There are 2 protein chains.
Amino acid sequence: MDPIAPGIRAGSDTSHLAILGYDPFTTYTGRGPFEAAGIGMDVRKGDIAFRCNFATVDEDMVVLDRRAGRIEEGTHELAAAVHGMQIEDVTCYFKESVAHRGALVLRGPGLGAGVTDTDPHETTVKVHEAEATAPNDEASTKTARIVNEFTRRSYELLKEHPVNKKRRADGKPPANIILPRGAGLAPHLESFTEKYSLKPAAVVETGLIAGIAAYLGMDIVHVPEATGGPDSDVTAIGRAVIKALDDYNFVLCNVKGCDVAGHDGDPDAKVQLIERLDKMVGMLVDAADEYTYIILTADHSTPIAVRDHSGDPVPIAFWGPGIRIDSTQAFDERSVVGGGLLRIRGVDIMNILTNLMTVQPKYGA
Amino acid sequence: MDPIAPGIRAGSDTSHLAILGYDPFTTYTGRGPFEAAGIGMDVRKGDIAFRCNFATVDEDMVVLDRRAGRIEEGTHELAAAVHGMQIEDVTCYFKESVAHRGALVLRGPGLGAGVTDTDPHETTVKVHEAEATAPNDEASTKTARIVNEFTRRSYELLKEHPVNKKRRADGKPPANIILPRGAGLAPHLESFTEKYSLKPAAVVETGLIAGIAAYLGMDIVHVPEATGGPDSDVTAIGRAVIKALDDYNFVLCNVKGCDVAGHDGDPDAKVQLIERLDKMVGMLVDAADEYTYIILTADHSTPIAVRDHSGDPVPIAFWGPGIRIDSTQAFDERSVVGGGLLRIRGVDIMNILTNLMTVQPKYGA
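Residue indices follow the written sequence of each chain, beginning from 1 at its first position. Following the order in which they are written, the chains are lettered starting with A and the ligands numbered starting with 1. Totals for whole chains, interfaces and linings use every residue, but because this is a predicted model, local features are given only for residues with pLDDT of at least 70 and side-chain atom pairs only at 80 or more, for both listing and counting. To obtain the side-chain values, all non-hydrogen atoms of the structure were included, while hydrogens and water were left out.

Visitor: Whenever I open this one, the overall build of chain A confuses me. Can you help?
Guide: To qualify as a helix, a DSSP run of H or I must reach at least 4 residues; to qualify as a strand, a run of E must reach at least 2; elements of each kind are numbered from the N terminus. Scanning chain A from N- to C-terminus turns up 12 helices and 11 strands. Taking 365 residues into account, the globule formula puts the C-alpha radius of gyration at 21 Å, and chain A, at 22 Å, falls close to it. Taking the principal axes of its C-alpha atoms as reference, chain A extends roughly 70 × 50 × 40 Å. Under the scheme applied here, a residue whose accessible area is under 20% of the maximum for its type counts as buried, over 50% as exposed, and between as partly exposed, the area being computed with a 1.4 Å probe on protein chains only. Per-residue burial over chain A gives 50% buried out of 365 residues. In chain A, once contacts between residues fewer than 6 apart in sequence are set aside, the share between residues at least 24 apart is 67%. When charges are counted, Lys and Arg contribute as positive and Asp and Glu as negative, whereas His and the chain ends are disregarded. To locate a charge, the coordinates of NZ of Lys, CZ of Arg, CG of Asp or CD of Glu are taken. Of the side-chain charges in chain A, 37 are positive and 52 negative, and the distance between the mean point of each set is 2 Å. We take the radius of gyration over the C-alpha atoms and set the globule estimate at 2.2 Å times the residue count to the 0.38 power. Any two residues whose heavy atoms approach within 4.5 Å at even a single point are treated as in contact.

Visitor: Just to check I follow, could you spell out the interface of chain B and chain A for this structure?
Guide: Note: interface size is frequently given as the accessible area lost on complex formation between the parts. Chain B puts 29 residues into the contact, and the matching count from chain A is 18 residues. Roughly 2,000 Å² of surface becomes buried between chain B and chain A when both sides are summed, with 54% attributable to carbon and sulfur atoms. When the buried surface of chain B facing chain A is broken down by residue, Arg9(B), Val337(B) and Arg343(B) rank first, second and third, together holding 32% of it. Salt bridges are defined as contacts in which a side-chain nitrogen from Lys or Arg sits within 4 Å of a carboxyl oxygen from Asp or Glu. There are 2 salt bridges connecting chain B and chain A. With a closest N to O distance of 3.1 Å, Asp308(B) and Lys362(A) form a salt bridge. When contributions to the side of chain B that touches chain A are tallied by element, the ones reaching two or more residues are helix H1 (12-19) and helix H2 (24-27) of chain B. The leading source of residues in the side of chain B that touches chain A is H1(B), at 3 residues. Residues that form the side of chain B that touches chain A fall into these classes: 11 nonpolar, 9 polar and 9 charged. A simple way to read buried area is as the amount of 1.4 Å-probe accessible surface that goes missing from two parts once joined, with both sides added. All residues other than Ala, Val, Leu, Ile, Met, Phe, Trp, Tyr, Cys, Pro, Asp, Glu, Lys and Arg, Gly among them, are scored as polar; the first ten of these are nonpolar and the last four charged.

Visitor: It is not clear to me how the environment of Thr354(A) should be interpreted in this structure. Could you clarify?
Guide: Residue and element names in this part refer to chain A. Counting through the fold element by element, Thr-354 comes out in helix H12 (residues 349-356). Note on Thr-354: relative accessible area 4%, which makes it buried. Taking the C-alpha atoms as reference, Thr-354 lies 40 Å from Ser-140; in sequence the two are 214 residues apart. Not counting the four nearest positions on each side in its chain, Thr-354 is found in contact with Tyr-196, Val-359 and Gln-360. Within the structure, the side chain of Thr-354 is placed 3.3 Å from the backbone oxygen of Asn-351, a separation counted as a polar contact. N or O atoms closer than or at 3.5 Å make up a polar contact, with two conditions inside protein: a donor-capable atom paired with an acceptor-capable one, and, for residues adjacent in sequence, both atoms drawn from side chains.

Visitor: Which parts of the structure should I look at to understand the packing of aromatic side chains?
Guide: Stacked, tilted and edge-to-face pairs are distinguished by plane angle, under 30 degrees for stacked and over 60 for edge-to-face with tilted covering the rest, among Phe, Tyr and Trp rings (Trp via its six-membered ring) whose centres lie within 6.5 Å. Considering all chains together, one arrives at 14 aromatic pairs over all chains under this definition. Centre to centre, the rings of Phe34(B) and Tyr215(B) are 5.1 Å apart; their planes meet at 65 degrees, and the pair counts as edge-to-face. Placement of Phe34(B) in helix H3 (residues 32-38) and of Tyr215(B) in helix H8 (residues 207-215) is noted, with a sequence separation of 181 residues between them. As far as burial versus exposure is concerned, Phe34(B) and Tyr215(B) are alike and both buried. An aromatic cluster is present here, built from Tyr363(A), Phe25(B), Tyr28(B), Phe34(B) and Tyr215(B) joined pairwise through their rings. In this scheme, the term charge over a ring applies when either NZ of a lysine or CZ of an arginine sits within 6 Å of the ring centre and within 35 degrees of the ring normal. Above the face of the Tyr248(A) ring, Lys199(A) is positioned so that its terminal group lies 5.1 Å from the ring centre. Positioned above the aromatic ring of Tyr22(B) is the side chain of Lys195(B), whose terminal nitrogen or guanidinium carbon lies 4.9 Å from the ring centre.

Visitor: How should the sheet that holds strand E9 (residues 250-254) of chain A be read in this particular structure?
Guide: What links the strands of a sheet is backbone hydrogen bonding, and the strands pair in either a parallel or an antiparallel sense. Strands sit in the order E8-E7-E9 (chain A) across an open sheet of 3 strands; the sheet is parallel. The two strands at the open ends of the sheet, each matched to only one other strand, are strand E8 (219-220) and E9 of chain A. A pair of strands is labelled paired if DSSP reports no fewer than 2 bridges between them.

Visitor: Quick question: what am I supposed to make of the relation of the copies chain B and chain A here?
Guide: For the pair of chain copies, the relating transformation is a rotation about an axis with a translation along it. Superposition of the copies used a least-squares fit over C-alpha atoms from residues whose pLDDT is at least 70 in both. Mapping chain B onto chain A leaves a residual RMSD of 0.4 Å; the transformation is a rotation of 124 degrees accompanied by 0.3 Å of translation along its axis. Here the two chains are linked by the operation of a three-fold rotation axis. Here only 3% of the interface residues in chain B have copies in chain A that are interface residues too; the copies meet through unlike faces.

Visitor: Hey, could you run me through the packing of helix H9 (residues 234-244) of chain B against helix H11 (residues 267-287) of chain B in this one?
Guide: Residue and element names in this part refer to chain B. Interaxial angles span 0 to 180 degrees and are taken between N-to-C directions of axes, which are lines fitted to C-alpha atoms, for helices over the stretch in contact. Interaxial distance between H9 and H11 falls to 9 Å at its minimum, and their mutual angle equals 25 degrees. Considering the angle they form, H9 stands roughly parallel to H11. Considering how the two elements wind past one another, H9 and H11 form a crossing that is right-handed. On H11, the residues that touch Val-234, Thr-235, Ile-237, Gly-238, Arg-239, Val-241 and Ile-242 of H9 are Leu-273, Arg-276, Leu-277, Met-280, Met-283, Leu-284 and Ala-287. Any angle that falls under 35 degrees is termed roughly parallel, while one over 145 is termed roughly antiparallel, one within 65 to 115 roughly perpendicular, and all others oblique. For a crossing to be left-handed, the near helix must be turned anticlockwise from the far one by less than a right angle; the clockwise case is right-handed.

Visitor: Mind showing me how you'd approach the sheet that holds strand E8 (residues 219-220) of chain B here?
Guide: On the basis of which strands lie adjacent, the open sheet formed by 3 strands has the order E8-E7-E9 (chain B) and parallel pairing. Strands at the two margins of the open sheet, each flanked by one partner only, are E8 and strand E9 (250-254) of chain B.

Visitor: Is there a simple way to explain the nonpolar core in this structure?
Guide: Buried together is how nonpolar side chains tend to be arranged in soluble globular proteins. Core analysis: the biggest nonpolar cluster contains 49 residues, and Leu20(B), Phe34(B), Val43(B), Phe192(B), Met218(B) and Phe250(B) have the highest contact counts within it. For this core, the element with the most residues is H8(B), which contributes 6 residues. What Leu20(B) contacts, discounting residues up to four positions off in sequence, is Phe192(B), Lys195(B), Tyr196(B), Ile212(B), Leu216(B), Met218(B), Phe250(B), Leu252(B) and Met350(B). What makes a nonpolar core is a set of buried Ala, Val, Leu, Ile, Met, Phe, Trp, Tyr and Cys residues whose side-chain atoms join them at distances within 4.5 Å. The next biggest cluster of nonpolar side chains, apart from the first, holds 41 residues, and it includes Leu17(A), Val105(A), Tyr293(A) and Ile344(A).

Visitor: When you look at the pairing of strand E5 (residues 101-107) of chain B in this model, what are you seeing that I'm missing?
Guide: A regular strand carries its side chains on alternate faces of the sheet. Residue and element names in this part refer to chain B. Taking burial as the measure, the 7 residues of E5 include 6 buried ones, the bulk of the element. When strand E4 (residues 90-96) meets E5, the two strands line up antiparallel, connected through 6 bridges. Bridging across to E5, Lys-95 finds its partner in Ala-103. Between E4 and the antiparallel strand that follows it, E5, lie 4 residues; Ala-99 among them carries a positive phi value of about 55 degrees.

Visitor: So what exactly am I meant to see when it comes to unusual backbone geometry here?
Guide: Excluding glycine, residues mostly carry a negative phi; peptide bonds, for their part, are mostly trans. All names here are of chain A. Phi at Glu-88 is positive, roughly 55 degrees, even though this residue is not glycine. Structurally, Glu-88 is set in the loop between strand E3 (85-87) and strand E4 (90-96). The partly exposed category is assigned to Glu-88, whose relative accessible area is 45%.

Visitor: Honestly, helix H6 (residues 162-169) of chain B in this entry has me stumped. Any pointers?
Guide: What sets the pattern is the α-helix's 3.6 residues per turn: residues three or four places apart point alike. All names here are of chain B. Turning to H6, its buried residues are Val-163, Asn-164 and Arg-167. Down the axis of H6, the smallest arc covering the buried residues is 90 degrees, so these residues share one side. Exposed side chains of H6 directed beyond 90 degrees from the buried face belong to Pro-162, Lys-166 and Ala-169. The inward-facing, buried residues of H6 abut helix H4 (75-82) and helix H5 (138-158). One or two positions beyond H6, positive phi appears at Gly-171, with a value near 75 degrees. Each C-beta atom gives one direction from the helix axis, and the arc is the one those directions make.

Visitor: Explain the side chain of Asn164(A) to me, please; I cannot follow it from the model alone.
Guide: Residue and element names in this part refer to chain A. Relative to the helices and strands, Asn-164 is located in helix H6 (residues 162-169). Residue class for Asn-164 comes out buried when judged on its relative accessible area of 0%. In this view, Asn-164 contacts Leu-78, Leu-158, Lys-159, Pro-174, Ala-175 and Asn-176; residues no more than four positions away in its chain are not counted.

Below is the structure:
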């Protein structure tokens, strides 16, 4: 299966959109809206969303630490100080995420997403002025003006905030500014339930994928034992999937650790997690009833040799009643080449599944 | 071969469009225009076409029988009574089909296809008022007004028609109203001859597929021995194909019986027809000259277990001179997985064929 198309290096977000049946080429404008949705923010069509860092600047707005000492505590209070800010006719919604991370959502008329970042992406340089990336783009010029003002005011509001006074007293860098980056226009996406008449839940380990799922109207199931790394408790994740099937008739599950091991170039961690995943899939098969389908695949390849996502195709298997069988016996990149699915794409998966489930309307007569 | 795309449950109409090289996603708006073309009506781009039933209503317009006692005789005379009706600046063309069936074509300026049916699809309720399905759709609002008036006038014209007087005298329900349903906007489709410089005929068993073929400008060859069911005389169909090749250089042939056996859940009928089709293909191969290509495939799968069209891929074989051969020896769903075509789509077929026939212009220099 090619998550997007042969050779395309998919991100987890674009791939998940495709795998869930939403063409990323027409729906994806950046990860901002999905990051914001992933931390529970209300993101609506036409909003402009940014990923943000709490950072440390000096009084000349020179960046000293892009992560404010990887701040762990007090971000909820800092977020509350800037959340709801009104600039011109635009409302700025801000929410903290894990550690120094957060998300900004701008809502108001006539905003565009073609803007550069105020985050300079390096230290010892001044905070940047956001600009529209294309000339005569009035909507993005307005967004740039708003985001520059938001950045400036965040400094005014945070620099003497009690959380930062305490941080300075403790010898820690203050989280005295918010630096937005990666503007994305929130797309209109038909909800998963509207599109497929299924009731979906998501058991996933990362905020970005939770954001995709939440954006599509899926309920998010939290698994306290899930770490998002190669050490994650995949048995607990499997149990959560099985339990979710009591209340939902579609469960998206993403285990992140193999990707992490790939990025880290750690083959042992990858192999060990795959061995544990193998057992988890056995759990799911054992728990399946005669109506259950299991689709096993990856959102992209992360080869040890590349230490990043590659554009290679990934193995995929459909398991369940009435599936046309083939002679393939093993599930790995080389063995599946002879399989009956031949070469499909991510966007085909939901069509194949809803056909098998006999919930897909006939196209034509 | 995926008739439309992997997993998509194709209808016979959408699949035939695709197989003949017309993308259904951009050309298909409903079966109405093809049903009308299939009974020999002149359907033009922009026309609005409906499938219709002769039905029986009482004087309060309550439907007593949606099929007017499955009327067999006199429908040509009844059709003549309403055919050519002028409502505002719209002309209403009507023609009877088999039994209680017929088709209505509206031709005039500014018509839309987004209308509900006057056919209530059940008895003991009043004939419905057609309405535009979207607010502010002036074109469809006009169509709704026309179709409501057509329905009302059909009652006025038919209720005392001699055919119905005789039916009442014979104790049969009168065919005293025409109920249109399934509005479709007739698309502009380049004719098959314009598109491929081929002279095409169609040897097909159903009105809907004949309608697709006629709409594309194919000549329709009637085979009196063809029944459209598993008992059809496929030898006669094969002879008609071979004879048509004297006058045409492309012949579309569809044998319907396996689909019927699939819908009926009758594996024995399906197997027996496949065995007879096997012999028919042998006839075609024996009759072929050194320039002949035969493409053998299905417009969709109709598995016995599903008893309806499924979104599974279907086997396909190209036979003729100069085709790159592979090692596949059998023509069935599992064996062809190892074939050299891998996984193609319906819309690819005509490009592959016209390439083999060396009648396809080069794309580029």
